[in-house]
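In case you want the letters, here they are:
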Amino acid sequence: FREQPIFSTRAHVFQIDPNTKKNWVPTSKHAVTVSYFYDSTRNVYRIISLDGSKAIINSTITPNMTFTKTSQKFGQWADSRANTVYGLGFSSEHHLSKFAEKFQEFKEAARIAKEKSHEKMELTSTPSQESAGGDIQSPLTPESINGTDDERAMPEVTQNSEPRAEPTQNALPFTHSSTISKHWEAELATLKGNNAKLTAALLESTANVKQWKQQLAAYQEEAERLHKRVTELECVSSQANAVHTHKTELNQTIQELESTLKKKEEEIEGLKQEIENARELQAQRDSLTQKLQEVEIRNKDLEGQLSDLEQRLEKSQNEQEAFRNNLKTLLEILDGKIFELTELRDNLAKLIECS
């Protein structure tokens, strides 16, 4: 494939809500692979991410793009072509910083490529007008649909650019030749005539611009759909190598896990022995607990009996106190009667003595 991945990472993908332009809408349920791709044919850098077979990011990097870190683990950039803002949530600040560095690096490379493309267009604008022969190139070509902004701008620059009077840098070595100079003058005159023809044809074609725009929109939509499909297939193919590498890493990880598993099994055997001992202790504890419960039940019965005896004792004490009080009363009455009998005896004795 002409497009190859040059850097990949994993992140959660978001897009700005097209209605509110404020809230983030997640486009992936989990972290997915986000890759930078380089098209050596068109000298274009793109950011591509797939969720299964669906392309959730297909963004071409342009010099006017800016990647902004909004937090320690989140960054975003705006894509005017897709009319949206992409957001990426990373697992660590290091992954975010690495992605931002690559974004700046490829953005600078895109800027340099754009400048070189403009220089090349300026150097080739004169020959391209000569080869046009007064015919207007239709804007509905595949290059104008699927190409970059620089490629789409090439036909317009060719038609509207004024011929340069001075020679280009590539022509400087030939300025010393009078023959070449005359040849360039003839070429310039021819190009002026062709430019006049192109201008007249351009004015004539403005009546069909609306129809061309409609056809262009339809072609662009179809081309974008096909391009996305190709991108998905390319990304799936490029991810095969990553899957193979990931498989190797998983095999190494499995070996490490198997070694760890053996150690864990030994630890488990020791834990099983400890569990058996713990079960025996638990059985003893249950037996003691049952005995303790029986003792507590007997203790409660004894407490009930003790409480009953205390009540009976208290009742008996109350009865004895009442009996004592009754005896004291009887003694007092008896003392009174004895005193009265004594007096009566004394009186009788006196009467006997007097008689």
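Above this text is the structure in question.
Residues numbered from 1 in each chain as written. Predicted model: local features only at pLDDT ≥ 70, side-chain atom pairs only at ≥ 80, totals over all residues. Heavy atoms only, no water.

**Digging into the nonpolar core**
Soluble globular proteins tend to bury their nonpolar side chains together.
Phase 1: Counting residues in each nonpolar core, the largest one holds 22 residues, and the members touching the most others are Tyr-36, Ile-47, Ile-57, Trp-77, Leu-88 and Phe-99.
Phase 2: Elements with a minimum of two residues in this core: β1 (3-16), β3 (32-39), β4 (44-51), β5 (54-60), β8 (84-89) and α1 (93-132).
Phase 3: The biggest single contributor to this core is α1, with five residues. (Core = buried A, V, L, I, M, F, W, Y, C linked by side-chain atoms within 4.5 Å. Buried < 20%, exposed > 50% of the residue type's maximum accessible area, 1.4 Å probe, protein only. Helix = DSSP H or I, 4+ residues; strand = E, 2+ residues; numbered from the N terminus.)

**Considering the pattern of salt bridges**
Phase 1: Using the criterion set out here, one finds eight salt bridges in the structure.
Phase 2: Notably, a salt bridge pairs Lys-102 with Glu-105, separated by 3.8 Å at the nearest N-O pair. Taken together, the residues span about one helical turn, with Lys-102 and Glu-105 both in helix α1 at a distance of three residues.
Phase 3: A salt bridge links Glu-267 to Lys-264, with the shortest nitrogen-to-oxygen separation between them at 3.8 Å. Taken together, the positions of Glu-267 and Lys-264, both in helix α5 (residues 209-354) and three residues apart, correspond to about one turn of that helix. (Salt bridge = Lys/Arg side-chain N within 4 Å of Asp/Glu carboxyl O.)

**Some thoughts on a nonpolar patch on the surface**
Phase 1: A cluster of nonpolar residues, Phe-323, Leu-327, Leu-330 and Ile-333, forms a patch on the protein surface that exposes about 400 Å² of accessible area.
Phase 2: By the secondary structure assignment, Ile-333 is in helix α5.
Phase 3: On the basis of relative accessibility, which here comes to 47%, the residue Ile-333 falls in the partly exposed class. (Patch = residues over 30% accessible without salt bridge, like charges linked within 9 Å, V, L, I, M, F, W, Y side chains within 5 Å. Areas by Shrake-Rupley, 256 points an atom, 1.4 Å probe, with all protein chains shown as cover.)

**Considerations on the packing of aromatic side chains**
Phase 1: On inspection of all chains with the given rule, the structure shows 14 aromatic pairs.
Phase 2: Between Trp-24 and Phe-74, the aromatic rings sit 5.3 Å apart at their centres with planes inclined by 65 degrees, giving edge-to-face as the arrangement. With Trp-24 in strand β2 (residues 24-26) and Phe-74 in strand β7 (residues 74-79), this residue pair connects regions lying 50 residues apart in the sequence.
Phase 3: Feature note: the residues Phe-7, Tyr-36, Tyr-38, Tyr-45, Phe-67, Trp-77, Tyr-86, Phe-90, Phe-99, Phe-103 and Phe-106 constitute an aromatic cluster, connected by ring pairs. (Phe/Tyr/Trp six-rings, centres within 6.5 Å; stacked < 30°, edge-to-face > 60°.)

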